[in-house]
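This is what each chain is made of:
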Protein chains: 2
Amino acid sequence: MRVSTRGRYAVMAMFDLAMRGEVGPVPVKAVAERQGLSERYLEQLMAPLRRAGLVRSVRGAQGGYVLARSPAAISVGDVLRVVEGPISPVACVSDPKACDRTDGCVTRGIWRRLRDRMVEVLDSITLADLCAEAAAEPAAQEPRGGTDSRA
Amino acid sequence: MRVSTRGRYAVMAMFDLAMRGEVGPVPVKAVAERQGLSERYLEQLMAPLRRAGLVRSVRGAQGGYVLARSPAAISVGDVLRVVEGPISPVACVSDPKACDRTDGCVTRGIWRRLRDRMVEVLDSITLADLCAEAAAEPAAQEPRGGTDSRA
DNA sequence: GTCATTTCCTAGTGCGTCACTAGGGTTTCC
DNA sequence: GGAAACCCTAGTGACGCACTAGGAAATGAC
């Protein structure tokens with residue numbers, strides 16, 4: 001029950017764009033370096049984000065990516081859905097045809113409830129929220145370092 | 001972000017045991033047939049459930065599996081953790097060593113919150129709850145059929 | 001106008017995991 | 001003794017993940 005690196009990287013990249021994109025387009029190279037990700041791989045994640053209308057691209061030198069909307073109008077759920085498909089713990093919850101025992105299947109209720117909660121959390125957190133958290137704890141925008149406060 | 005068939009099948013099997021296990025041990029064969037699962041595969045899922053102390057096994061003819069505790073004392077989360085490992089959307093939330101940027105990583109907060117909600121839902125649903133739901137909607141204990149009420 | 005920078009597109013690849021299948025061995029009831 | 005059941009280990013095909021690779025096209029700086 002894991003989100004893949006696709007999802008995690010995409011969120012990290014969008015957060016980076018939210019933090020740095022005020023002045024102009026941010027190149028993938030810069031995002032990848034700051035967040036410690038593979039540039040070529042991240043490049044591939046930007047394509048669906050652009051097609052989905054979450055970011056705009058500026059080609060050529062001094063180009064890069066910019067958020068297409070305000071950080072407050074983009075949720076983590078929005079980002080995840082683009083690169084990972086529907087937020088759903090099992091296929092039959094988002095696609096009724098995926099299972100022929102969908103009707104009258106008790107366990108299906110579990111997954112539907114779980115899905116609803118997951119969506120609730122993920123859609124309630126926006127990129128603006130992440131920026132606010134980063135501002136409160138300054139080390140957060142850097143790839144590593146900071147105080148050791150693990151629980 | 002999916003639960004594997006391991007998790008789903010294990011929950012279905014435990015539900016079946018909760019429904020039918022009052023009178024005596026239920027063989028894997030019967031569970032597999034009722035739930036429409038591969039017998040040999042399900043057999044392999046029962047092993048960890050037994051080792052974890054969620055079910056007891058009775059060997060030999062007329063043997064099978066019985067819940068080791070009352071259905072009300074076994075949550076869906078208990079079952080999932082046994083066959084799928086820790087309930088966690090990303091490794092770094094359950095294992096701090098999994099990521100070297102755990103400290104001061106803004107996105108980590110997302111996954112921690114998500115994890116907490118998932119655990120909340122999964123641990124709040126017991127096998128007894130599933131049995132009660134099945135009783136309310138009788139078709140639910142059968143592998144297929146029932147009224148077509150898809151949303 | 002050329003050159004560096006950057007996005008854009010497609011294809012390949014090693015690896016691991018998932019969902020089983022297979023072949024037995026051991027225990028127990030009838 | 002035989003059938004029914006659990007128990008253990010090993011294999012296997014398919015798939016997706018996490019990249020790497022090789023370019024083509026666009027654009028700004030000079």
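Computed from a predicted structure; not experimentally measured.

Notes on the environment of L37 of chain A
Position of L37 of chain A among the secondary structure elements: in the loop between α2 (28-35) and α3 (39-51). A sequence separation of 28 residues divides L37 of chain A from Y9 of chain A, and the C-alpha atoms of the two residues are 7.5 Å apart.

Considerations on the pattern of salt bridges
For the structure shown, the criterion picks out twelve salt bridges over all chains. Put simply, R115 of chain A and D116 of chain A hold a salt bridge, and the shortest N to O gap is 3.0 Å. Between E120 of chain B and R117 of chain B there is a salt bridge; the shortest N-O distance is 3.2 Å. Of this pair, E120 of chain B and R117 of chain B both sit in helix α6 (residues 106-124), three residues apart, which is roughly one turn of the helix. For R117 of chain B, a relative accessible area of 30% translates into the label partly exposed.

Side note on the environment of A10 of chain A
Residues and elements named next belong to chain A. Tracing the sequence through the fold places A10 in helix α1 (residues 5-20). In this structure A10 comes out as buried when scored by relative accessible area, which is 0%. Separated by 19 residues in sequence, A10 and K29 have C-alpha atoms that sit 14 Å apart. When neighbours within four sequence positions are excluded, A10 is seen to be in contact with T5, L45, L49, V79 and V83.

Basis of the calculations
Residues numbered from 1 in each chain as written. Chains lettered and ligands numbered in written order. Predicted model: local features only at pLDDT ≥ 70, side-chain atom pairs only at ≥ 80, totals over all residues. Heavy atoms only, no water. Helix = DSSP H or I, 4+ residues; strand = E, 2+ residues; numbered from the N terminus. Salt bridge = Lys/Arg side-chain N within 4 Å of Asp/Glu carboxyl O. Buried < 20%, exposed > 50% of the residue type's maximum accessible area, 1.4 Å probe, protein only. Contact = heavy atoms within 4.5 Å.

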